[in-house]
Amino acid sequence: MQHMYWFITISRKSDAEEIVELYKKLDVPRLYCTLARGTAKSQTLDLFGIEQSEKVVHQAVITHNKLYELKKTLETDFQIDLPDRGIALAVPLASISTKNTLDFFSGGHAEDEMTDTEQKEKSTMELIIVICNKGYTEDVMEAARKAGAGGGTILHAKGTGTEYAEKFLGISIVDEKEMIYIVSKKEVRNAIMQAITDNAGAGTKAHALVFSLPVTETAGFRLYGEKTEA
């Protein structure tokens, strides 16, 4: 059976249709798209008279074979490594609930023989995910940048929680939230997470919760020297 991955592509909103067509061309069975925005400081945007950077986050569960096919196409056809085109990353899945779910996401190709791929060095990147109260992303990103983060992508969310969560953490889970995706190098991950916790965590108005996920493959960082300006 093939390894499975949660594959994330972050692009400019103006390039979203091209990305969707690329996924269709490669017969990716299911694709989930979410509007998002970049994390440039509002005062910087006001100074230069520009609007907040609009992004689209494209997410899909894909097989090992599809991962390398998709990554290659993003690099060659979409030219994701050019400045401001976007980034892509793969997070390995630990398990999938049922055979039907596996077939749903893989298009019935989970049992295909895995294509041989070049053995590469282990990824030096991780995906940090922050969940905070709406309106406090600048507090989170200010702390993250001071600890070495490059940039991030903000998604709007609304949680559904329990009385226990509110009592234990002092957080009203049902309120509107914002999620921030920050791709960072492993060596600065702990510092970034600690800075966010210390400056925008529980006890602050942001009430940020933060965790990280392993990343096995990336695209779009080559010309940035693997900076994370997502």
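Look above for the structure.
Keep in mind the model is a prediction, meaning the values are calculated, not measured.

### Some details on the side chain of His58
Then step 1. Positionally, His58 belongs in strand S3 (residues 54–63).
Then step 2. What makes His58 buried here is its relative accessible area of 0%.
Then step 3. A distance of 3.0 Å separates the side chain of His58 from the side chain of Ser11, its partner in a polar contact.
Then step 4. Those residues in contact with His58 that sit more than four places away from it in its chain are Phe7, Ile8, Thr9, Ser11, Ala16, Ile19, Val20, Tyr23, Leu31, Tyr32 and Cys33.

### Thoughts on unusual backbone geometry
Then step 1. You will see that Asp27, though not glycine, has its phi angle at about 55 degrees, which is positive.
Then step 2. Since its relative accessible area comes to 60%, Asp27 is described here as exposed.

### Structural notes on the pattern of salt bridges
Then step 1. For the structure shown, the criterion picks out 14 salt bridges.
Then step 2. Where Glu176 meets Lys134, a salt bridge forms, and the shortest distance between an N and an O atom there is 3.6 Å. Taken together, the residues span a long stretch of sequence, with Glu176 in strand S7 (residues 176–185) and Lys134 in the loop between strand S5 (125–133) and helix H5 (137–146) at a distance of 42 residues.
Then step 3. Exposure remark for Glu176: the relative accessible area of 38% places this residue in the partly exposed category.
Then step 4. A salt bridge links Glu142 to Lys146, with the shortest nitrogen-to-oxygen separation between them at 3.6 Å. Within this pair, Glu142 and its partner Lys146 are both found in helix H5, separated by 4 residues, close to a single helical turn.
Then step 5. Judged by its relative accessible area of 38%, Glu142 falls in the partly exposed class.
Then step 6. Owing to a relative accessible area of 70%, Lys146 belongs among the exposed residues under this scheme.
Then step 7. When salt bridges that share partners are traced, they join Arg12, Asp15, Glu18, Asp84 and Arg85 into one network.

### Looking at the environment of Ile192
Then step 1. Considering the arrangement of structural elements, one finds Ile192 in helix H7 (residues 186–200).
Then step 2. Exposure remark for Ile192: the relative accessible area of 0% places this residue in the buried category.
Then step 3. With 45 residues separating them in the primary sequence, Ile192 and Ala147 have C-alpha atoms 5.0 Å apart.
Then step 4. Filtering out sequence-adjacent residues up to four positions away, Ile192 remains in contact with Ile128, Ala144, Ala147, Gly148, Ala149 and Ser184.

The rules we used
Residues numbered from 1 in each chain as written. Predicted model: local features only at pLDDT ≥ 70, side-chain atom pairs only at ≥ 80, totals over all residues. Heavy atoms only, no water. Helix = DSSP H or I, 4+ residues; strand = E, 2+ residues; numbered from the N terminus. Buried < 20%, exposed > 50% of the residue type's maximum accessible area, 1.4 Å probe, protein only. Polar contact = N/O pair within 3.5 Å; in protein donor to acceptor, adjacent residues only side chain to side chain. Contact = heavy atoms within 4.5 Å. Salt bridge = Lys/Arg side-chain N within 4 Å of Asp/Glu carboxyl O.

Such coordinate-based values are descriptive only and should not be taken to indicate function.
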